[in-house]
Structures are given as C-alpha cells and as structure tokens.
Amino acid sequence: MVRRGRECSVTEALEVVGERWSLLALREIMLGERRFNQIAENTGASRDILAARLRKLVDAGVLEKVQYEAHPPRHEYYPTEAGRALQPILLSLMAWGDKYVHQGEPPTLWRHTCGEVLEPVTVCAHCGDPVDAPGVRAIRLGAVR
C-alpha cells in the first residue's frame, strides 16, 4: 500500500510552485523581468533547469509565454491571473525571510501605492483582523489517503 498523505491544497500548490527555481523565476517576473536571459542571470539557475521550470509554470497556467521575435524564436513571460495571485505569497515569504533568516537590512524593499514601504499582512477577508496561528482553526480537513 502506497501512503499518499492528507489531501491538501498546499500539497497541490507545491506541485506547481514549490521548487526553488520556480519561485525565483516568479520573483523576477514580479520585478518586471520578462526575458529568459535576464531571468536566468538574476536567479542563477542553469538554462536547462530554468527552461523546465518556466515550461511547467506555463503549462500550469501561472505564466503566459508570448513570442516577441520570430527569427530566432524568442519569448517573454507574463504572469496570468493565477501568477499575479502569487505576489502576496511571495511578498509574505520575503518578509518572513527578512525577519527570520536574512542578517541585516532587507535586500529588497517594495513601496505600496500609499507611499509607504510595504509590510505585507494576511487579514481575514470578512472582518479585516490579522490572521495568526492562535486565532484560526481548521473546520474541515482533507482525508488521509
């Protein structure tokens, strides 16, 4: 019998974006980079690994690949709605890394449209209160397969 663990959206999401080079490629695309060479340079990923990760993100509907030159064929990568929905997650992961992993000043800062440096916080869509571990509980769990 093969044990598969609990059915969970986290597991399914990690199948799509839960790999270092995928997340770093998404970071670059969120920063406005669109072309393969620049994404490769800024992530440090090998070309073959990056190509595979970008293909997976396109196949999963996270990115759209748009040809900008025919000879030789060259493409740019744009986030889809699903890709743009990952930005708050990436920003939260970055904030966690700034606080608990990185030593010194954060290497990257984002400015919010209000003019202040962005400090991402996850809040309840219904009441607006911050989400924290003691204040939430599961009301349905996926089955263990």
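From a predicted model like this one, the values you see are computed outputs, not experimental measurements. (Residues numbered from 1 in each chain as written. Predicted model: local features only at pLDDT ≥ 70, side-chain atom pairs only at ≥ 80, totals over all residues. Heavy atoms only, no water.)

**Focus: the UniProt feature "domain: HTH hxlR-type" (unreviewed entry) in the protein chain**
Here comes step 1: Listed under "domain: HTH hxlR-type" (unreviewed entry) in the UniProt record, and renumbered for this structure, are residues 8-105.
Here comes step 2: Secondary structure over residues 8-105 splits into 60% helix and 13% strand, and the C-alpha atoms at its two ends are 35 Å apart. (UniProt positions renumbered as here; feature names shortened; annotations may be inferred. Helix = DSSP H or I, 4+ residues; strand = E, 2+ residues; numbered from the N terminus.)

**Observations regarding helix α4 (residues 47-59)**
Here comes step 1: The end-to-end C-alpha distance of α4 is 18 Å, a good match for the 18 Å that 13 residues give at a rise of 1.5 Å each.
Here comes step 2: Residues Leu50, Leu54 and Leu57 constitute the buried set of α4. Take α4 and look down its axis: the buried residues cluster within an arc of 60 degrees, on one side only. Set apart from the buried face of α4 by more than 90 degrees, the exposed residues are Asp48 and Asp59.
Here comes step 3: Packed against the buried residues of α4 are α1 (9-17), α2 (20-30), α3 (36-43), β1 (63-69) and β2 (74-79). (Expected span 1.5 Å × (residues − 1). Buried < 20%, exposed > 50% of the residue type's maximum accessible area, 1.4 Å probe, protein only. Arc of directions from axis to C-beta. Contact = heavy atoms within 4.5 Å.)

**Thoughts on α3**
Here comes step 1: Along α3, the positions that sit buried rather than exposed are Phe36, Ile39, Ala40 and Thr43. In a view along the axis of α3, the buried residues occupy a sector of 100 degrees, so they form one face of it.
Here comes step 2: Looking at the buried residues of α3, the elements they touch are α2, α4 and β2.
Here comes step 3: Just downstream of α3, Gly44 is the residue with a positive phi angle, here 80 degrees.

**Points about the pattern of salt bridges**
Here comes step 1: Counting across every chain of the model gives 4 salt bridges.
Here comes step 2: When the shortest N-O distance is used, the salt bridge between Arg53 and Glu19 registers 2.8 Å. Residue Arg53 is located in helix α4, and its partner Glu19 is located in the loop between α1 and α2; the two are separated by 34 residues in the primary sequence.
Here comes step 3: Taking the shortest distance from any N to any O, the salt bridge between Glu28 and Arg27 comes out at 2.9 Å.
Here comes step 4: Exposure remark for Glu28: the relative accessible area of 6% places this residue in the buried category. (Salt bridge = Lys/Arg side-chain N within 4 Å of Asp/Glu carboxyl O.)

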